[in-house]
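Below, each chain spelled out in residue letters.
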Amino acid sequence: MSSPKTDPATTAADLQKIESRQNQQTAGENEGGSSDDVATLAAATADESASLQHDSRLHKSSLWLPVVELVARSIIPMMIGSLFVGPLNVVFFVVLFFVLPTAAYYVLRYFTFTYRVVGEELILQSGLLSRRERRIPFDRVQEVEIQQSLLGRLFGYASVNISTAGSDTKEAALNVLTMPTAELLKRVISRRQQVGTSIAAADVAEPSSAHDYVFDLDLRTLVLGGLTSKVVATVG
């Protein structure tokens with residue numbers, strides 16, 4: 001931006017006023033551009049999160065994938081146990097006390113657990129006889145972790161673990177989702193956090209023109225003001 005042309009009659013105070021107006025205009029343009037960026041990001045996030053704004057269940061693979069993973073992790077202990085008590089006894093024990101309870105838990109969880117994104121929150125609902133609702137504000141989310149087991153990588157499934165500020169444990173665990181859904185949920189939370197941070201930063205940086213005053217005082221006025229304040233203090 002070029003500096004304003006002045007004639008010999010232009011004083012230093014006039015130059016300061018002109019530069020001040022130019023700076024305010026530039027700041028307004030920058031603020032307008034920043035507001036446009038925030039609005040664009042917010043609109044894109046709203047469009048992207050549309051599919052998450054209704055009650056959604058976990059993927060149907062959550063009915064069988066955790067059970068298969070449990071059996072896979074139990075193969076070596078079962079082989080060792082079969083050397084002492086026989087293979088049939090080991091299989092019966094594992095199925096009765098591990099496989100069936102795990103399968104029952106995940107079947108019940110599939111039909112009683114839902115999640116959705118509403119505004120700036122992730123809402124989780126669970127429970128069979130009494131419904132329990134948890135709300136996780138995005139501004140409290142510290143980490144969204146996507147995990148995939150070996151079988152998950154083979155079939156394209158993943159788990160999403162959400163950690164929040166002030167909590168040592170996972171605030172929520174969504175197991176199992178498709179990989180695209182898991183990535184979408186993580187991206188929506190991240191972008192909503194960016195929008196909230198941008199809006200907060202804009203509010204802090206917004207100038208308050210009604211209360212910002214700049215005084216241009218010469219040396220004579222400053223000296224007289226100082227002497228006057230001392231006289232008033234002495235008399236008082």
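Everything below is about the structure shown above.
Values in this document were obtained by computation on a predicted structure and should not be read as measured data.

Chemist: Hey, could you run me through the overall build of the protein in this one?
Modeler: Summing up its helical and strand segments, the protein has six helices and six strands in all. Helices (α) and strands (β) of the protein occur, in sequence order from the N terminus, as α-α-α-β-β-β-β-α-β-β-α-α. Counting every position in the protein, which comprises 236 residues, the buried fraction comes to 24%. Considering only contacts in the protein between residues 6 or more positions apart, those separated by 24 or more positions represent 54%. Accessible surface computed for the protein: about 16,100 Å², of which carbon and sulfur atoms make up 60%.

Chemist: Where do I start with the nonpolar core in this structure?
Modeler: Nonpolar side chains tend toward joint burial in soluble globular proteins. Counting residues in hydrophobic clusters, the biggest one holds 22 residues, and the most contacted among them are Tyr115, Leu122, Leu124, Val160, Leu174 and Leu185. The set of elements that each furnish at least two residues to this core consists of β1 (114-118), β2 (121-126), β4 (141-147), β5 (157-164), β6 (172-178) and α5 (179-205). In terms of residue count, the dominant contributor to this core is α5 (five residues). Not counting the four nearest positions on each side in its chain, leucine 185 is found in contact with Leu52, Val117, Leu122, Val160 and Leu174.

Chemist: Would you mind showing me how to read the sheet that holds β5 here?
Modeler: Hydrogen bonds between backbone atoms are what pair the strands of a sheet, whose relative direction is either parallel or antiparallel. Pairing is antiparallel in the open sheet, where three strands are placed in the order β4-β5-β6. Edge positions in the sheet fall to β4 and β6, since each has one partner strand and no second. Direction aside, the axes of adjacent strands within the sheet are offset by 20 degrees on average. Bridge count between β4 and β5: six bridges; the pairing is antiparallel.

Chemist: What's the story with the pairing of strand β3 (residues 132-137) in this structure? I'm lost.
Modeler: Along a regular strand, successive side chains alternate from one face of the sheet to the other. With six bridges connecting them, β2 and β3 associate as antiparallel partners. Looking across to β3, one finds that leucine 124 is bridged to arginine 134. Between β2 and β3, which pair antiparallel one after the other, the connecting turn spans five residues, and glycine 127 there sits at a positive phi close to 115 degrees.

Chemist: Mind showing me how you'd approach the packing of aromatic side chains here?
Modeler: Applying the stated criterion to the full structure yields six aromatic pairs. Measuring from ring centre to ring centre gives 5.9 Å for phenylalanine 93 and phenylalanine 98, while their planes differ by 65 degrees; the resulting arrangement is edge-to-face. Between tyrosine 110 and phenylalanine 111, the aromatic rings sit 5.0 Å apart at their centres with planes inclined by 85 degrees, giving edge-to-face as the arrangement. For tyrosine 110, a relative accessible area of 10% gives the class buried. A relative accessible area of 52% places phenylalanine 111 in the exposed class. Through a chain of ring-to-ring contacts, the aromatic side chains of Trp64, Phe155 and Tyr157 assemble into a single cluster.

About the criteria used
- Residues numbered from 1 in each chain as written.
- Predicted model: local features only at pLDDT ≥ 70, side-chain atom pairs only at ≥ 80, totals over all residues.
- Heavy atoms only, no water.
- Helix = DSSP H or I, 4+ residues; strand = E, 2+ residues; numbered from the N terminus.
- Buried < 20%, exposed > 50% of the residue type's maximum accessible area, 1.4 Å probe, protein only.
- Contact = heavy atoms within 4.5 Å.
- Areas by Shrake-Rupley, 256 points an atom, 1.4 Å probe, with all protein chains shown as cover.
- Core = buried A, V, L, I, M, F, W, Y, C linked by side-chain atoms within 4.5 Å.
- Pairing = 2+ DSSP bridges.
- Axes fitted to C-alpha atoms, helices over the stretch in contact; angles between N-to-C directions.
- Phe/Tyr/Trp six-rings, centres within 6.5 Å; stacked < 30°, edge-to-face > 60°.

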